[in-house]
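Next come the chains, spelled out residue by residue.
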Amino acid sequence: MVNDGGDNDFEASLRRCWEGWQQAMNPTGGTASFPWRESLERWAQLLGTDASAQVQELGARFQHQAGDWLGTMQQVAAGFAGRDSSAAEVAGAWREAVEAQGDAMLRWMLDAARGGSAVTDQPWLRDVAHAVQSGFGHADWLNAPVFGPAREHQVRWQALAKLQRDHQLQMERYVAAIRGALDDAFHRFEAKLAGHEAPGNQLTSARAMFDLWIDAAEEAYATVALSEDFQRIYADLANAQMRLQAATRHELERACELLGVPTRTEMDAAHRRIAELERLVRRMAAGSARSATPGPEKPRPAPKKKAAPKPARAAAKKAPPRGRSKT
Amino acid sequence: MKGPLGFGADDLMQETLQWQRKLADGLKLLPGVADVDYGVTERREVWSDGKVKLYRFVGDGASNGQPPLLIVYALVNRPYMVDLQDGRSLVQKLLASGQDVYVLDWGYPDRSERYLTLEDYLLRYVDGAVEHLRAQHGGAPVNLLGICQGGVFSLCYAALRPHKVRNLVTMVAPVDFHTPDNMLSHWARHVDVDLFVDTLGNIPADLMNASYLMLKPFRLNVQKYVGLMDILDDRQALEDFLRMEKWIFDSPDLAGEAFRQFVKQFYQDNGLVHGRIRIGDEPVDLRRLTMPLLNIYAEQDHLVPPAASRALRGLVGSDDYSELGFRGGHIGIYVSGRAQREVPSAIHGWLSARA
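Predicted model only: the values in this text are computed from it and were never measured.

Asker: Explain the overall build of chain A to me, and be specific about the residues and the numbers.
Answerer: Broken down by element type, chain A carries 11 helices and 1 strand. Listed by position from the N terminus, the elements making up chain A come as α-α-α-α-α-α-α-α-α-α-α-β. Put simply, of all contacts in chain A between residues at least 6 apart along the chain, 67% involve residues at least 24 apart. Here chain A has roughly 17300 Å² of accessible surface; of this, 56% comes from carbon and sulfur atoms.

Asker: So what about the interface of chain A and chain B? Which residues, and what values?
Answerer: At the interface, 113 residues of chain A touch 105 residues of chain B. A combined buried area of about 10200 Å² lies between chain A and chain B, and 62% of that area is made up of carbon and sulfur atoms. Connecting chain A to chain B are 8 salt bridges. Of the charged contacts, one joins Arg279 of chain A and Asp120 of chain B as a salt bridge, the two residues approaching to 2.8 Å between their closest N and O atoms. The interface formed by chain A and chain B includes 35 residue pairs in polar contact (both at pLDDT 80 or more). Tallied by class, the residues present in the side of chain A that touches chain B amount to 62 nonpolar, 21 polar and 30 charged. In the sheet, strand 1 (residues 324-325) of chain A pairs with strand 1 (residues 43-49) of chain B via 2 bridges, with the strands oriented antiparallel.

Asker: Could you give me a rundown of the pairing of strand 8 (residues 165-171) of chain B, with the residues and numbers involved?
Answerer: Residue and element names in this part refer to chain B. Of all 7 residues making up strand 8, 7 are buried, and the element is well covered by its neighbours. Bridge count between strand 7 (residues 142-147) and strand 8: 6 bridges; the pairing is parallel. Note that in strand 8 the partner of Leu145 across the bridge is Val169. Two strands pair when backbone bridges link them, and strand 8 and strand 11 (residues 293-298) are joined in this way by 4 bridges, in the parallel orientation. In the sheet register, Met171 faces strand 11, and the bridge partner there is Ile296.

Asker: Got a sec to walk through the packing of aromatic side chains? Specific residues and values, please.
Answerer: Working definition: an aromatic ring pair is given by the centre-to-centre distance plus the angle between the planes. All names here are of chain A. What the rule picks out here adds up to 28 aromatic pairs over all chains. Here the aromatic rings of Trp69 and Trp213 are separated by 6.1 Å at their centres, their planes lie at 20°, and the arrangement is stacked. Of this pair, Trp69 sits in helix 3 (residues 53-80) while Trp213 sits in helix 8 (residues 206-225), and the two are 144 residues apart along the sequence. With relative accessibility at 0%, the residue Trp69 sits in the buried group.

Asker: Lay out a nonpolar patch on the surface in plain terms, naming residues and giving numbers.
Answerer: On the surface, Leu258, Leu259 and Val261 of chain A cluster together into a nonpolar patch covering about 360 Å² of accessible area. By relative accessible area, which is 38% here, Val261 of chain A ends up partly exposed.

Asker: For the sheet that holds strand 8 of chain B, give the residues involved together with the corresponding values.
Answerer: Read from one edge to the other, the open sheet built from 9 strands follows the order 1(A)-1(B)-2(B)-6(B)-3(B)-7(B)-8(B)-11(B)-12(B), with strand pairing classed as mixed. Each edge of the open sheet carries a strand with a single partner, namely strand 1 of chain A together with strand 12 (321-326) of chain B. Relative to the sheet, helix 14 (residues 337-352) of chain B contacts strand 3 (69-72), strand 7, strand 8, strand 11 and strand 12 of chain B, its axis offset from that of strand 8 of chain B by approximately 160°.

Asker: Any chance you could break down the pairing of strand 11 of chain B for me, citing the residues and the numbers?
Answerer: Residues and elements named next belong to chain B. Within strand 11, 6 of the 6 residues are buried, which leaves it mostly tucked inside the rest of the structure. Residues Leu293, Asn295 and Tyr297 line one face of strand 11 and the alternating positions Leu294, Ile296 and Ala298 line the opposite face, and both faces are buried. Inspection of the sheet shows strand 11 paired to strand 12 by 6 bridges, in the parallel sense. Looking at strand 12, one finds that Tyr297 is bridged to Gly325.

Asker: Would you mind going over the confidence of the model for chain A in detail, with residue names and values included?
Answerer: When pLDDT is averaged along chain A, the result is 79; 70% of the residues meet or exceed 70. Element-level mean pLDDT values for chain A span from 40 in helix 11 (residues 313-316) of chain A up to 97 in helix 8 of chain A.

Asker: Could you give me a rundown of helix 3 (residues 118-136) of chain B, with the residues and numbers involved?
Answerer: Residue and element names in this part refer to chain B. Counted at 1.5 Å a residue, the expected span for helix 3 with its 19 residues is 27 Å, and the 26 Å between its end C-alpha atoms agrees. The sharpest bend along helix 3 reaches about 30° and sits at Asp127. Of all 19 residues in helix 3, 17 are buried; the element is thus mostly enclosed.

What counts, and at which threshold
Residues numbered from 1 in each chain as written. Chains lettered and ligands numbered in written order. Predicted model: local features only at pLDDT ≥ 70, side-chain atom pairs only at ≥ 80, totals over all residues. Heavy atoms only, no water. Helix = DSSP H or I, 4+ residues; strand = E, 2+ residues; numbered from the N terminus. Contact = heavy atoms within 4.5 Å. Areas by Shrake-Rupley, 256 points an atom, 1.4 Å probe, with all protein chains shown as cover. Buried area = accessible area lost by both parts, 1.4 Å probe. Salt bridge = Lys/Arg side-chain N within 4 Å of Asp/Glu carboxyl O. Polar contact = N/O pair within 3.5 Å; in protein donor to acceptor, adjacent residues only side chain to side chain. Nonpolar A, V, L, I, M, F, W, Y, C, P; charged D, E, K, R; others polar. Pairing = 2+ DSSP bridges. Buried < 20%, exposed > 50% of the residue type's maximum accessible area, 1.4 Å probe, protein only. Phe/Tyr/Trp six-rings, centres within 6.5 Å; stacked < 30°, edge-to-face > 60°. Patch = residues over 30% accessible without salt bridge, like charges linked within 9 Å, V, L, I, M, F, W, Y side chains within 5 Å. Axes fitted to C-alpha atoms, helices over the stretch in contact; angles between N-to-C directions. pLDDT = per-residue confidence, 0-100. Expected span 1.5 Å × (residues − 1). Bend = angle between axes of the 7 residues up to and from the residue.

Set out below in structure tokens:
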């Protein structure tokens, strides 16, 4: 459990948060911002000291999403609380607040596009690719003719650099599509807000604004994600990632071979043989069981309505059970 | 106030105060929430082949004498979803009604299993488990309950070995992979799956999970975790949340060759609808599904749209085909209160009428 010190610490943090909030809401408070994120950050820190790993991870996710999205929405809501507004004004303020944070709030979407922790999409590799693409400040190295004893190596490295470049291009297309969905989401959000302008139908909390935004964002995203264009963009990105990853692994395997280290390809070849042999044995066993039993296996006719089909006892005797029985 | 926002500064402050109270409550409660456990029903391993194991669930009451009910689950998640916790267990309810329930556990494939094919999964593992059960029950055919991808497997297996399946139940099983609202299939259409598998070998679970989360990115990555604030003061709800999180992300890697075949034949070629599926050397003909068939789908399923499941109706040879639409989603069909009330009893009632 959190100790007393932790409790007190968090209460003090909440007090500071509350004071900041009151200052932000005070008409004379100027441009003070609501310290919701700081409050959540402190909360997650305190949680981290005592909780299980699973709870800590959950706390981190909560801190990230509730801090970024809900916190920003609350900030926007505070700007309009208690005064007349229009859907366009609110949606515009929301767009401004989101866009002001750059890619930070969409980090998780971009990570997902990269397949989590893709080894071929490390920042240093992107830097190298940019350097390569610019020809290390000289001519277009990627397309330079190659010759000499290291020719074959250089050809491979050029190909690898081109794959990296292509991957970057496909990633940029993907990100542009996501940005397009986000742009549409702001329009949809405005339209949804307009639907709440009638008296009696107004939104009554920042959380309700947030939920409305989620609806708008999902609708916009689904429209893009189900489009023919996105289908191609998605596949092109996946294929570019795989080509790059395959080429990178090939280089690694070459290095391993030089050092006498067994490679993935060698291991795979052995595993393939084992799987094929097991399959062959199973087929032979099934075939021999079938040949030992007279008559072909016949599918049962369609049963009459509600009539229970008869058990196929004879067929059950044909093939011996495989595997290890525990009963 | 005119405009879409009907709250004042005081309302917003009250809302904030409420959030802060929840945070404070959560700070007291969360550290005391231990790693959650799952699987409420005692089970015994009765057969195995490599990592694949067949478990029999042990109930308090006597079996009603019906054929054993074998649950075949998807490869992409762990099968304990059918027995998640007390009061949220399809297995518990089926046992209570007298069914003799078994589940096939695929385990966690490693790189040595990269070359397992659909033939291995269906004609080695499913068939091995079925044969074990038949041997224990005088050679009689079994009842099969296939869930999600396991439903697809069950359809194929029952079509290949119809004499071994007495009644077939499918739950949230895709059949038509090309319905317009199937986002996953839409994305997979032009992916070079040969390149994909040749590069990755087994398909990492993290990659699959990232894809699933991107089906509804704002709801599943943002809103869900913001919603956590609503339950920060409720230990039971927190434990339920954590248990579900564990299940969602406790995903095995997928055997590469089986993945290749599944994506090509089902997602890209829509082979069940076109009658072009082959498992090993054997063609799958759904018209050979002449046994009684119950097809359960979820009406708000974002992973397997209802139309994708309902396409089965026109493809099978059985004249005893029933459908059950469940008012809920792909996950809710296992664990929601409504599911607990409706789904197990529907399965039991349907099976009993055909016992």
